[in-house]
Amino acid sequence: MYQMPVHFGPCCGPRQGPDGQRFILDGPQESIQHSLVYETAPAAVERCLPKGFSLRSPHIIVTHKMHRNLPWLAGRGYNVTTFNVPVTYCGQKETICGQYQLAIWENHADPILCGREQLGYSKVFADIEDMHTLHGIASASLSSWGFRFLDLRFDTAAQPEDPKGLRAVLLDPENEGLLHYKYIPHTGDGFTAADTAYVTLTPKSFPIPAEAPPLPPPSRTWCTGGLSWYIPAWEDMPTQYHIVQGLAAMPIRRVLGAGIVHMQHYNDVFHQHPVQ
């Protein structure tokens, strides 16, 4: 398994350690996830979907994640914020129901580099605060180049506005995993052609070695929340302003609610694959 620079030999990452083996038997990683679900205008999302994708429901799932005690980072961790939407993808041979990842921010280069190159995740960098709670309100902000572009908040004492609809989106039985559009530009010739452009899948279900210790079930609570955008100009976020503008242009028609999950898991995304 290699990543640039390849001349120093095989790389280490989430799916390969110094001994060439996976970390899956070195223990689980921990994750605290705060997810907000809101309904948006279908057309606002559909204009962002690549060819072959269709919208299953006009809902945006915003998730702030704190990954901790990761074996592949020698016990370290990092933060993530994702924007997903329920879709169906029709490939040449397969049809997949899942969630398309419109955007994903992370706050460290190591998971960004291997996620983009190996998995096809559209990962970009941001400073992402830990989720912190005071008087029942959990909150965190995202920024880039010192420009705060997103505030997330969760009222842990309040009930969801639409509990049934919220569960239908977050616990969707048809969801087969996360779908991504991997794109690597060709070098030269104006950098307008692609070396690689195809859809990849992070499967929801994956095999775990029999010798791996069993894990406790996730702890889940239901609540509500909201978000606030701060729209950047090019000067504020020179390489990402269009991403924030595009997401912020998807209107919040109504909030369904939010959920908080504490979990341990073994998912090293080793079974990521192209969709045929």
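Each remark here, short or long, concerns the structure printed above.
Each value, and the rule that gives it
- Residues numbered from 1 in each chain as written.
- Predicted model: local features only at pLDDT ≥ 70, side-chain atom pairs only at ≥ 80, totals over all residues.
- Heavy atoms only, no water.
- Phe/Tyr/Trp six-rings, centres within 6.5 Å; stacked < 30°, edge-to-face > 60°.
- Helix = DSSP H or I, 4+ residues; strand = E, 2+ residues; numbered from the N terminus.
- Buried < 20%, exposed > 50% of the residue type's maximum accessible area, 1.4 Å probe, protein only.
- Lys NZ or Arg CZ within 6 Å of the ring centre and 35° of its normal.
- Contact = heavy atoms within 4.5 Å.

(A) Molecular detail of the packing of aromatic side chains. With the rule as written, the count across this model stands at five aromatic pairs. For the ring pair Phe-53 and Tyr-100, a centre distance of 4.7 Å and an interplane angle of 50° mean the geometry is tilted. Remark: Tyr-100 occurs in strand E5 (residues 95–106) and Phe-53 occurs in strand E2 (residues 53–55); sequence separation between them is 47 residues. Judged by its relative accessible area of 11%, Phe-53 is buried. One aromatic cluster in this structure is built from Phe-83, Trp-105, Phe-149 and Trp-229. Here the guanidinium or amino end of Arg-22 rests over the ring plane of Phe-270, the centre of that ring lying 4.1 Å away.

(B) The side chain of Thr-82, seen in detail. Relative to the helices and strands, Thr-82 is located in strand E4 (residues 78–90). When neighbours within four sequence positions are excluded, Thr-82 is seen to be in contact with Ile-61, Val-62, Thr-63, Lys-65, Gln-101, Ala-103 and Ile-104.

(C) Representation of unusual backbone geometry within the structure. Each neighbour pair has its own omega, and for Met-4 with Pro-5 the value is 0°, a cis peptide bond. Unlike most non-glycine residues, His-135 shows phi in positive territory, near 55°. With respect to the helices and strands, His-135 occurs in the loop between strand E8 (132–134) and strand E9 (137–144).

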